[in-house]
Amino acid sequence: MGKQNDDQADHEMGNFEENSGKYIKAFYNKTWMERYGEHIPAETVTLLWSITVSIFSIGGLIGALSVSFIIKALGRKGTLLLNNGFAVIAALLLSLGEKSSSFEMLIIGRLIMGVDSGIALSALPMYLGEISPRHIRGSIGQFNSILICLGVFAGQVLGLPELLGQESRWNFLFSFLALPAVLQLCVLPFLPESPRYLLMEKRDEAGAEKAFQRFLGKKDVSQELEEVHAEARAQDNLHIVSVLQLLKNPAVRWQLITIIVTMACYQLCGLNAIWYYTNGILREAGFADNLLPYITLSTGAIETLAAITSGLVIERIGRKPLLIFGFSSMAVFFSLLTVFLNFQDSVSWMPYLSYICILAVIASFCSGPGGIPFILTGELFEQSYRPAAFMIAGTVNWLSNFTVGLLFPFIQELLQAFAFLVFVGVCTLGSIYLYVVLPETKNKTFMDISQSFAKINKMPNPSLGQEMELVLSIKPDTNGKAQDVTKTESSF
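Under the annotation held in an unreviewed UniProt entry, the chain carries the name Solute carrier family 2 member 9 and is attributed to Amphiprion percula.

This is the structure in structure tokens:
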């Protein structure tokens, strides 16, 4: 599951530019000399570097757009297994590009790694959400964010000058991308497919029962099976809907709007832009360039610590409070950072406050916004809508990522230190929307969550036929009293 080592490569663009970037540009120049007998023009190396960085987002978009088709054909587990192939191929291209004197291999490798990330960021949260009992679904879902942060931190450590952060070793750094993929190829085949997928889409009740038994560690899983049956009955002739059908369906309109808003805020909240300033602020504080890689390790450590903390408290506090707290805190610290940046040249100790604000922004992001949007995408939609919902969420995610990378340099040039006020507005508006619209989803079944949107979607109450189906799903207990098995005993 830990293949997200490169899922936030653009999230680290500032560090990538400072460290590996200069070596890769030197490689581009060396290769150009070998091919054409002259130094590469400055505008050409800038173009190649821009393509190398931005094509990751293009690959992510391709992966997000294709994931629902792959999942329909191969299932959740099969999609994740196939996706490891993309990671291994990308690692080979990226690590062997220098040996082959081919910068095209680096660019194609980044593209394929983006495809891998686009698929993983949809298929993995979907799989984790469907195999997790509802009382720990949020905590399990946060593993996605925790592993991303661990990947970022591992990349920072491996990129230190004493390890692989040298001109003669930078290409070996990319080979580590294959390790999580190989690990998953060794472990995932022994894990069951999503029982909800097996029962609702493949109609394999025996397989679903065995999967539930293995995941829950108990023999009697009749209550879990009954809950999934009840959800299937409530959806009437279950079939996987297309993106167009999802967009047209008024029953899920506000779930869809909520996911689009949340995923857009996830990318447009300004975290990626932080890296444009981090090293400059540290230099202003008087730190030598050779110390910067070690000091910036604190950013990866803060990310990981905040993500782990969020995973520990999410089932107590809930998704909604953590999201609102995260975005609101980011708005506050971005505002303070704007003030500190404007006084940075006149007050000697102001850069230290600016760096503290950067760490606070990172911690605020990882406390909720860094992982919960992917959890919500799986929770707000029932089985038939889920693949299309993840495709839309992934598309919004990668388009927003590309937009930030494309526009922020121009925003920064125009607004200078006031550029972060744009993100203050995004975070504030996102917090207000989530406060007004988003219901709490912790410890609720997928049917409960869908029903909580019925009023805002202006949908009627269940029909008589649906009510009869619910009655049939209620059986008497040992005392002869009616008992709703889908709500009182089921783990899911």
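Still to come is the rest of the account.
> Tell me about a nonpolar patch on the surface, residues and numbers included.
On the surface, Ile58, Ile62, Phe402, Leu406, Leu407 and Phe410 cluster together into a nonpolar patch covering about 530 Å² of accessible area. At the level of elements, helix H3 (42-96) and helix H21 (386-415) are the ones that each hand at least two residues to the nonpolar patch. Looking at which element gives the most residues to the nonpolar patch, the answer is H21, with four residues. Residue class for isoleucine 58 comes out partly exposed when judged on its relative accessible area of 36%.

> How would you sum up the pattern of salt bridges? Please name residues and give values.
On inspection of all chains with the given rule, the structure shows nine salt bridges. Of the charged contacts, one joins glutamate 379 and arginine 137 as a salt bridge, the two residues approaching to 2.8 Å between their closest N and O atoms. In this pair, glutamate 379 is assigned in helix H20 (residues 372-379) and arginine 137 in helix H5 (residues 137-141), connecting sequence segments 242 residues apart. Arginine 137 matches glutamate 379 in its accessibility class, with the two residues each being buried. By sharing partners, the salt bridges in this structure join Arg76, Glu130, Glu201 and Arg386 into a single network.

> So what's going on with the packing of aromatic side chains? Residues and values would help.
For the structure shown, the criterion picks out ten aromatic pairs. Seen from their ring centres, tyrosine 266 and phenylalanine 374 are 5.2 Å apart, and the 85° between their planes marks the pair as edge-to-face. Pair noted here: tyrosine 266 is in helix H13 (residues 253-268) and phenylalanine 374 is in helix H20, with a separation of 108 residues, a long-range link. Judged on exposure class, the residue tyrosine 266 and its partner phenylalanine 374 are both buried. Ring geometry for phenylalanine 334 against phenylalanine 423: centres 5.8 Å apart, planes inclined by 40°, an arrangement best described as tilted. A residue pair is termed long-range when its members are at least 10 positions apart, and phenylalanine 334 in helix H18 (residues 319-342) and phenylalanine 423 in helix H22 (residues 420-437) qualify at 89 residues. Phenylalanine 423 shares its class with phenylalanine 334; the two are buried. One aromatic cluster is present, built from ring pairs that chain together Phe27, Tyr28 and Phe103. Above the ring of phenylalanine 103, the side-chain terminus of arginine 35 is found at 4.6 Å from the ring centroid.

Thresholds applied
- Residues numbered from 1 in each chain as written.
- Predicted model: local features only at pLDDT ≥ 70, side-chain atom pairs only at ≥ 80, totals over all residues.
- Heavy atoms only, no water.
- Patch = residues over 30% accessible without salt bridge, like charges linked within 9 Å, V, L, I, M, F, W, Y side chains within 5 Å.
- Areas by Shrake-Rupley, 256 points an atom, 1.4 Å probe, with all protein chains shown as cover.
- Salt bridge = Lys/Arg side-chain N within 4 Å of Asp/Glu carboxyl O.
- Helix = DSSP H or I, 4+ residues; strand = E, 2+ residues; numbered from the N terminus.
- Buried < 20%, exposed > 50% of the residue type's maximum accessible area, 1.4 Å probe, protein only.
- Phe/Tyr/Trp six-rings, centres within 6.5 Å; stacked < 30°, edge-to-face > 60°.
- Lys NZ or Arg CZ within 6 Å of the ring centre and 35° of its normal.

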